[in-house]
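Observations on the three-dimensional arrangement
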Amino acid sequence: MRKIVDCHCHIYPDKIAEKASQGISMFYDMPVRYVGSVGNVRRLADEAGITKSIVFSVATKPTQTRAINEFIASAVSQSGGRFVGFGTAHPDSEDMRADIEHLVSLGLRGVKLHPDTQGFKIDDYRCLKIYEICEEMSLPILMHTGDSRFDFSNPNRLKPVLEIFTGLTMIGAHLGGYSVWKEACRELSGFENLYVDCSSSLYAMPPEEGARIIRSYGADRVLFGTDFPMWNPSVELERLYAVGLDEEELENILWKNANRLFKLGLEE
């Protein structure tokens, strides 16, 4: 049976999951197909044959950070090894080091940031402390990247951070630039400290364009992701298979890159 790691799943406590999922729909002006609950992500992962899911949420206020990270850690601990958690951080934190040390103490493996919803530019001076600490602690950052409607997270904002923090592993969600995929590929492919995931991207381009972009970054630097609750994992797998990659490329994207990057301990 093929191993699969879904590297991009938003989850929320049951009492707010429906409201939070509706908020995603409103922000992107797109239908969100599922409620982003722990039960739903687990059920859909089972249906799609997914081995592990990387789960997280995002703090829109610095005061939310610790509660969110504790929720993610709790979901991971109750998942029977199926979930791996990323914490969140906020650039307006009063004690960034303490926040990041706290999420590490909870067993979380990285930091998820979403500039467009958290209200900062990737190269904002307020974020430098996050990057410095994550680089020091060897914590990868999964960064929402791209949106043609805004100028928070597009390639012009990410590129200088990659150039300065060369020891920081950055994962650019949505093939490095949601809705600006060609620009992102042109500007960002070739950075040794950048990975990308393919979430919320392949639906928007013909298969041959998906293959071109993936190969431009390198299949050893691309991660499979669904952007749950936006999409059905089984459908997203079919979109990836339709791109026409060879078996080695698929294995790297589906699990080997994530296994290496996040130290998941899956056997080759």
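Located above this text is the structure these notes cover.
Here's a quick rundown of the structure. Values in this document were obtained by computation on a predicted structure and should not be read as measured data.

**Let's talk about the sheet that holds strand β2 (residues 52-56)**
A sheet is described by the order of its strands in space; here three strands give the open sequence β1-β2-β3, paired in parallel fashion. Strands with a single pairing partner mark the edges of an open sheet, and in this sheet they are β1 (5-10) and β3 (83-85). Averaged over neighbouring strand pairs, the angle between their axes works out to 30° when direction is ignored. Note that β2 and β3 share three bridges and pair parallel. Each residue of the ladder has a partner; that of Val-55, found in β3, is Gly-85.

**Some points on helix α9 (residues 207-217)**
The set of residues buried in α9 consists of Glu-209, Gly-210, Ala-211, Ile-213, Ile-214 and Tyr-217. In this fold, the buried residues of α9 make contact with α8 (181-188), β8 (194-197), β9 (222-223), α10 (233-242) and α11 (247-262). The positive-phi residue at the C-terminal boundary of α9 is Gly-218, with phi of around 105°.

**What about the nonpolar core?**
Membership of the largest hydrophobic core comes to 91 residues, with the highest contact counts inside it found for Tyr-131, Ile-141, Met-170, Leu-175 and Phe-262. The element best represented in this core is α11, accounting for seven residues. Look past the residues within four positions of Tyr-131 in its chain and what remains in contact with it is Leu-113, Ile-122, Ile-141, Met-143, Val-161, Phe-165, Leu-168 and Met-170.

**Topic: the pattern of salt bridges**
Scanning the model with the defined rule gives 18 salt bridges in all. Measuring nitrogen to oxygen at the nearest pair gives 2.8 Å for the salt bridge that ties Arg-82 to Asp-46. Note that Arg-82 is positioned in the loop between α3 (65-77) and β3 and Asp-46 in helix α2 (residues 38-48), a separation of 36 residues in sequence. Where Arg-186 meets Glu-187, a salt bridge forms, and the shortest distance between an N and an O atom there is 3.8 Å. The class for Arg-186 is exposed, based on a relative accessible area of 58%.

**Quick notes on the side chain of Asp-6**
Locating Asp-6 in the fold gives a position in strand β1. In this structure, Asp-6 is buried with no salt-bridge partner, the nearest side chain bearing the opposite charge being Arg-82 at 9.7 Å. Here the side chain of Asp-6 touches Thr-226 through a polar contact of 2.6 Å, side chain to side chain. Excluding residues within four positions of it along the chain, Asp-6 makes contact with Ile-50, Lys-52, Ser-53, Ile-54, Phe-224, Gly-225 and Thr-226.

**Thoughts on the packing of α2 against α10**
Where α2 meets α10, the closest approach of the two axes is 8 Å, and the angle between their N-to-C directions is 40°. As far as their axial angle goes, α10 and α2 are oblique. Residues Leu-44, Glu-47 and Ala-48 of α2 touch α10, and the partners they reach there are Pro-233, Ser-234 and Leu-237.

Thresholds, definitions, all that
- Residues numbered from 1 in each chain as written.
- Predicted model: local features only at pLDDT ≥ 70, side-chain atom pairs only at ≥ 80, totals over all residues.
- Heavy atoms only, no water.
- Pairing = 2+ DSSP bridges.
- Helix = DSSP H or I, 4+ residues; strand = E, 2+ residues; numbered from the N terminus.
- Axes fitted to C-alpha atoms, helices over the stretch in contact; angles between N-to-C directions.
- Buried < 20%, exposed > 50% of the residue type's maximum accessible area, 1.4 Å probe, protein only.
- Contact = heavy atoms within 4.5 Å.
- Core = buried A, V, L, I, M, F, W, Y, C linked by side-chain atoms within 4.5 Å.
- Salt bridge = Lys/Arg side-chain N within 4 Å of Asp/Glu carboxyl O.
- Lys, Arg positive; Asp, Glu negative; His and termini not counted.
- Polar contact = N/O pair within 3.5 Å; in protein donor to acceptor, adjacent residues only side chain to side chain.
- Parallel < 35°, antiparallel > 145°, perpendicular 65-115°, else oblique.

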